[in-house]
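In case you want the letters, here they are:
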Amino acid sequence: MAPQLLDIPPEPKTPEEQEVFKNLWSIRPCYLYNEEFDDCTSIKARFHQYFIHGSSVDCTQWKRDFDNCVRFEKNPHDTKSALELIESERSRRTERMRAHYGNDVWQKRDRVPEGWAKPLPEHLQKEYESSYLELKARELRGEVEPGKEERTMCVVM
């Protein structure tokens, strides 16, 4: 379990503690780092890595993150472990978002397009009225009791 905000001093005293406090949201629960490491080193993952990348991927960062998380969980004042973990998460986010920010093909929107919320065309509205999504929307609005479907539906996801 990741350290709770209550475990951190209410007034961080050092710049390192302030940095940890500010970025505490980015630290995942420790078991997730261990699961990521186990998944990365599994036979299934190794086959995937070999066929996609041509070789095995280095999984040691997941193990290092797990160890840092456990140290920080045991001692919430261990800012060195916390800062390493925060930096690792920051690098992971940057790498994951690199293609998004590097996109030069699609134009990014700065507002919702005009007509975004206009009604569906009549033929689509008729299809929607008998759909699973409409039934679930009616359940959420309280118009139909959950599980009291008017007909049997098969959903393939």
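Residues numbered from 1 in each chain as written. Predicted model: local features only at pLDDT ≥ 70, side-chain atom pairs only at ≥ 80, totals over all residues. Heavy atoms only, no water.

The protein chain carries the name Synaptic plasticity regulator PANTS in an unreviewed UniProt entry, which gives Culex pipiens pipiens as its organism. Listed in UniProt under the heading Subcellular location (unreviewed entry), the comment for the protein chain reads: "Synaptic cleft". Within the UniProt record for the protein chain, the comment given under Sequence similarities (unreviewed entry) is "Belongs to the UPF0545 family." (UniProt positions renumbered as here; feature names shortened; annotations may be inferred.)

A short note on the packing of helix 4 (residues 60-74) against helix 5 (residues 79-102)
Orientation of helix 4 relative to helix 5, taken along the N-to-C sense of each, is 140 degrees, at an axis distance of 8 Å. The angle between helix 4 and helix 5 falls in the class oblique. The interaxial crossing formed by helix 4 with helix 5 has left-handed handedness. Between helix 4, through Q61, W62, D65, N68, C69, R71 and F72, and helix 5, the contact on the second element is made entirely by S81, A82, E84, L85, S88 and R92. Along the lines of polarity and charge, the residues of the contact of helix 4 with helix 5 split into five nonpolar, four polar and four charged. (Axes fitted to C-alpha atoms, helices over the stretch in contact; angles between N-to-C directions. Helix = DSSP H or I, 4+ residues; strand = E, 2+ residues; numbered from the N terminus. Parallel < 35°, antiparallel > 145°, perpendicular 65-115°, else oblique. Left-handed = near helix turned anticlockwise from the far one by under 90°. Contact = heavy atoms within 4.5 Å. Nonpolar A, V, L, I, M, F, W, Y, C, P; charged D, E, K, R; others polar.)

Concerning the side chain of D65
Along the chain, D65 turns up in helix 4. Accessibility expressed as a relative area gives 0% for D65, which makes it buried. Polar side-chain contacts of D65 include one of 2.8 Å to the side chain of S88. Excluding residues that lie within four positions of it along the chain, D65 makes contacts with Y33, L85, S88 and R92. (Buried < 20%, exposed > 50% of the residue type's maximum accessible area, 1.4 Å probe, protein only. Polar contact = N/O pair within 3.5 Å; in protein donor to acceptor, adjacent residues only side chain to side chain.)

So, the nonpolar core
The biggest cluster of nonpolar side chains holds 14 residues, and the ones touching the most others in it are V20, I27, Y33, C69 and F72. Every element with two or more residues in this core is listed here: helix 2 (30-40), helix 4 and helix 5. Contacts of V20, omitting those with residues within four sequence positions, involve F72, T79, A82, L83 and I86. (Core = buried A, V, L, I, M, F, W, Y, C linked by side-chain atoms within 4.5 Å.)

Observations concerning the pattern of salt bridges
The full count for this structure, using the stated rule, is 15 salt bridges. Among the ionic pairs, R141 bridges to E143, the shortest N-O distance being 3.0 Å. Overall, E143 belongs to the exposed group, its relative accessible area being 51%. Among the charged side chains, a network of salt bridges with common partners joins R28, E36, D65, E89 and R92. (Salt bridge = Lys/Arg side-chain N within 4 Å of Asp/Glu carboxyl O.)

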